[in-house]
Amino acid sequence: MIAPTTKNKLTFSTIEPGSGLEAALTCGNAESLKIINTSGLRGRGGAGFPTSLKWELAAKQPDEEKFVVCNADEGEPGTFKDRVILADFADMVFEGMTIAAMVIGAQRGIVYLRAEYTYLRRHLEDVLDQRRKQGLLGKNVGGKKGFDFDIQINMGSGAYVCGEETALIESLEGQRGEPRNRPPFPIDTGYLDHPTIVNNVETFAWAVCIMAKGAKWFKKFGTEKSTGHKLFSVSGDCRRPGVYEYPLGITIAELLDKVGGQDAKAVQVGGAAGQCIPRSQFNRAIAYEDVPTGGSIIVFGPHRDMLKIAANFLEFFIDESCGQCTPCREGAPKLLEGVEMLQRGQCSMAYLKELCSLGETMQLASKCGLGQTAPNTFLSIVEHFRDEILGRTPEKSK
Amino acid sequence: MLLTERERLRDELEKLVDSHGRQRSSLLFILQEVQRRHYYISEYSMQVIADLLDIHPVEVYSVVSFYSFLDETKQGQFVIRLCRTITCEMAGKDEIARQLENDLGIKFGETTPDGKFSLKWANCLGMCDQGPAMLVNEKVYTQVTPEMIHGILEDCRSKFGVHATALEMERQI
């Protein structure tokens, strides 16, 4: 019932299955970690934490029991690249998890799959079974004595906030998916208080490519601080929505050109938690140091009402807030109220400024990424589209 | 609930809990399974599960109330979740919503009186390149048009009645 997703040529399809793990087994833990470190790979979920550092910190922990967790709770609005990776390249994801397990010394891997993707589960279980039969999971993985590792799939139950790594761990433990205070970080106190690394689906797949083709190859692409290629999920008002792989550092204008969205009025980079970039800034680069994204690119055509977009995102956050901390729980509804006032044309500049400072408070005072990013779109729309949102007459804002 | 029904349910839950192990980290697995079998997690079930895991029933309730795929009230055999997030909104989810309401005769958040269908909103289903998207239980439908709704519902309806047992078995897998 799902139409095929449009894709350009993905590097993942050119990698020989098993070649990454083989390289990792040959060169050993320290060298593998060094290769990942040299490549400059950063978390593909959007936050951009250096992957090798996370692995290194977990590897250093003396604990006997460690966990590798794959974050397949892809809930960010506008993101669907992990769905494509899991459907087409599940083997690579598991291979990446296996490499990570070897490096940090973990025995168990967990894929936290969002409930909405339950239909993928059967396929993933089949791939896991296949790997067990091939000796790539289980006892003495890949023929390496003493390297025991297996992967299980845990289902989410519909909560966006569980994409945050500590909330994800809470959920694995059978709790409400409420983010934890940090520190302690998962690398020493993660699942069941054991050292745990949580990486995005795409990060694991890239780790395999890097092991197979080398750090130098990976670094050839991208910018100095954002190395390598990245998958983008492009949706909205463009002619060819789909999953596209491009080097980081690509400008928004270039990307729009490729997907047929040249006439866009604004682009939402990074999903609901990201920023709304107006046309005047389309020369900005998509990279960790400029406009970061976990992959979500939503194109807004010239006829879109920016207030409707702001309202949609705020409704999303109100629904998905875990309610634990006040700025997020109380702030988002206030901002939505403000958007509705703007839609009715009843918002004074003074009150709008109040709302903006409330937004900034949320960014500063919320406990986790959800609350800290919830006001982003509101703030960027207020900043860049004043002419459009101020002084409306009620019939204009239907 | 009849006493015998309670006993039967208790037995079932006990088997289920034991199959996952009596530890807190089993809770979500257990609740997901109860939801799938019974279309909700009743207060009685929560109490039994809490008892078996040796935690307070409030702990179980707090988890059930947190996740949008776990319900405290009985849902229909087919739960329809229509994506309301931005790209599906731009792709015309409002028309789909209206048609669903018309064809089912219920509003969002409601269940049909025959207990067959529940209608809900969902946040981003990850099908943004092919909206509007919706889930019917685990099955994904994309590029849905108002015209398709009738066929999708008929598909579900064909599994009631004489075919219901076959469906039940399918759901148990």
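Our structure is the block above this text.
Residues numbered from 1 in each chain as written. Chains lettered and ligands numbered in written order. Predicted model: local features only at pLDDT ≥ 70, side-chain atom pairs only at ≥ 80, totals over all residues. Heavy atoms only, no water.

K.L.:
Hey, could you run me through the overall build of chain B in this one?
P.N.:
On a plain count of helices and strands, chain B comes out with 8 helices and 4 strands. Reading chain B from its N end, one meets helices and strands in the order α-α-α-α-β-α-α-β-β-β-α-α. Overall size of chain B, expressed as C-alpha extent along the three principal axes, is 50 × 35 × 25 Å. A separation threshold of at least 6 residues defines the contact pool for chain B, and within that pool the share at least 24 residues apart is 64%. Per element, the accessible surface of chain B, about 8,200 Å² overall, is 50% carbon and sulfur. For chain B, the distance from the average position of its 20 positive side-chain charges to the average position of its 27 negative side-chain charges is 1 Å. (Helix = DSSP H or I, 4+ residues; strand = E, 2+ residues; numbered from the N terminus. Contact = heavy atoms within 4.5 Å. Areas by Shrake-Rupley, 256 points an atom, 1.4 Å probe, with all protein chains shown as cover. Lys, Arg positive; Asp, Glu negative; His and termini not counted. Charge placed at Lys NZ, Arg CZ, Asp CG, Glu CD.)

K.L.:
Would you mind going over unusual backbone geometry with me for this structure?
P.N.:
What you tend to see is this: most non-glycine residues have negative phi, and most peptide bonds are trans. Note the cis peptide between Pro183(A) and Pro184(A), where omega equals 0°. Looking at where Pro184(A) falls in the secondary structure, it is placed in the loop between helix 6 (165–172) and strand 4 (196–200). In this model, Asp54(B) sits at a positive phi of 60°, which is unusual for a non-glycine residue. For Gln143(B), which is not a glycine, the phi torsion comes out positive at approximately 45°.

K.L.:
I tried to follow the pattern of salt bridges on my own but got confused; where do I start?
P.N.:
A pair can form between side chains of opposite charge whenever their charged atoms are brought close. In the structure shown here, the tally under the stated rule is 38 salt bridges over all chains. Ionic pairing is found between Glu170(A) and Arg180(A), a salt bridge with its closest N-O pair at 2.6 Å. Placement of the pair is Glu170(A) in helix 6 and Arg180(A) in the loop between helix 6 and strand 4, with a sequence separation of 10 residues. Considered together, Glu170(A) and Arg180(A) belong to a single accessibility category, that of buried residues. Here Arg84(B) ties to Asp319(A) by a salt bridge, and the two come within 2.7 Å at their closest N and O atoms. Linking Arg84(B) in the loop between strand 1 (78–83) and helix 5 (86–90) with Asp319(A) in helix 10 (residues 306–320), this pair reaches from one chain into another. You can call Arg84(B) partly exposed: its relative accessible area is 23%. Residues joined by salt bridges that share partners form a network here, namely Arg10(B), Glu14(B), Asp18(B), Arg22(B) and Asp51(B). (Salt bridge = Lys/Arg side-chain N within 4 Å of Asp/Glu carboxyl O. Buried < 20%, exposed > 50% of the residue type's maximum accessible area, 1.4 Å probe, protein only.)

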